[in-house]
Amino acid sequence: MVMMNIVRLKYAHSDPLFYYSGLNPIWASNNESIRLLLEGKASIGFVPLTYAAHNCDVLYVVPRFAIYSDGPVISARLFRGGLGSGYAAVSDTSVNAMAVRRLLGIDLKVIDDPYRALRDFGAVLVIGDDALRMVDAGYPYILDVGELWRERVGLPLVYAVMAVTRNYNEEELNVVINTIEKSLDLFEEDPEPVIQYTAGRLGVSRELIRQYFRAIRYRVDDRVISGINEELRTFGINNCLRFLGNKT
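Counting restarts for each chain: residues are numbered from 1 in the order of the written sequence. Note on the predicted model: pLDDT of at least 70 is required for a residue's local features to be given, and 80 or more for side-chain atom pairs to be given and counted; whole-chain, interface and lining totals, by contrast, use all residues. Hydrogen atoms and water are omitted, and side-chain values are computed over all heavy atoms in the structure.

A word on unusual backbone geometry. Not every positive phi belongs to a glycine, and isoleucine 74 is a case in point at roughly 75°. The helix and strand labels rest on DSSP assignments: H or I over at least four residues marks a helix, E over at least two residues marks a strand, and numbering proceeds from the N terminus. Note that isoleucine 74 resides in the loop between β4 (59–69) and β5 (76–80). Relative accessibility decides the category of a residue: with a 1.4 Å probe and only protein chains considered, values under 20% of the type maximum give buried, values over 50% give exposed, and everything between is partly exposed. For isoleucine 74, a relative accessible area of 8% corresponds to the buried category.

Shown next, in the form of structure tokens:
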């Protein structure tokens, strides 16, 4: 029996990780996810890479799964605004906002309502389910962050990593890893049930989610580790991450 409280990010990209897992994770925003781990309300979960790096003194990274893209991602785009000027970004993004700031050298004002911001700014960085809904509705955009990163950096853009608190239980962690692995295996064998579930939950087309799940990747290899290292270097974040196992 799994005793850990587990955090999953609330966005569509996490559905394949948990749909078949049998786990009962806490659904959390990017900003909430790290707080749940730091406050001891969960022992394991997916958190943005930036937050994991800023809290490397109390967290380990599990180099088995991550949430990343290796090209266009669809769910992180700089959408074209209306008559306003300047740039804005939704408050729940850290990785994508940092990527845009570093690669394009632009300032982003933090906002909460992306739809209102589209009227007030020249462009708005929107992520996650809201971005997918905007894409499905045909909102015009300036750039896709995953595509920009691949063109400029040439490595995967890692959005979130799997992390555990230092007091983790190895047996329980192995159960979680194995159940997530099983969920991914079943998803890869037949993605349509998850596509149908996610499209219905978001109110968008199945074809969009089908394309999206082809863009999002989960399994960590040496190239993903290289991407993590380069990402933190580009962001100017001290890379003190500690990986469980042999990954360095």
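There is more to say, and it comes next.
This brings us to the side chain of threonine 198. As for its placement among the helices and strands, threonine 198 is situated in helix α9 (residues 192–202). With sequence-adjacent residues up to four places away left out, threonine 198 is seen in contact with Ala12, Asp15, Ile209 and Phe213. A contact between two residues is defined here by any heavy atoms of the two lying within 4.5 Å.

Right, let's get into the pattern of salt bridges. Criterion for a salt bridge: a side-chain nitrogen of Lys or Arg within 4 Å of a carboxyl oxygen of Asp or Glu. Under the definition given, this model contains 18 salt bridges. Between arginine 116 and aspartate 120 there is a salt bridge; the shortest N-O distance is 3.8 Å. You can see arginine 116 and its partner aspartate 120 sitting in helix α5 (residues 114–120), 4 residues apart, about one turn around the helix. Taking the relative accessible area as the measure of exposure, arginine 116 reaches 51% and is therefore exposed. Through salt bridges with shared partners, one network takes in Arg64, Glu181, Asp185, Glu188 and Arg219.

Further remarks concern the packing of aromatic side chains. Aromatic rings from Phe, Tyr and Trp, taking only the six-membered ring of Trp, are treated as a pair when their centres fall within 6.5 Å; an angle between ring planes under 30 degrees marks them as stacked, one over 60 as edge-to-face, and anything in between as tilted. According to the stated counting rule, one finds 8 aromatic pairs in the structure shown. An aromatic cluster of three or more residues is present, and its members are Tyr19, Tyr20 and Tyr197. By definition here, charges over rings are those cases where NZ of Lys or CZ of Arg is within 6 Å of the ring centre and within 35 degrees of the ring normal. Across from the ring centre of tryptophan 27, 3.7 Å away, lies the NZ or CZ of arginine 8, which sits over that ring. In this arrangement the basic side chain of arginine 166 is found over the ring face of tyrosine 60, its NZ or CZ atom lying 4.2 Å from the centre.

Everything listed here is a matter of coordinates, which is why it stays silent on function.
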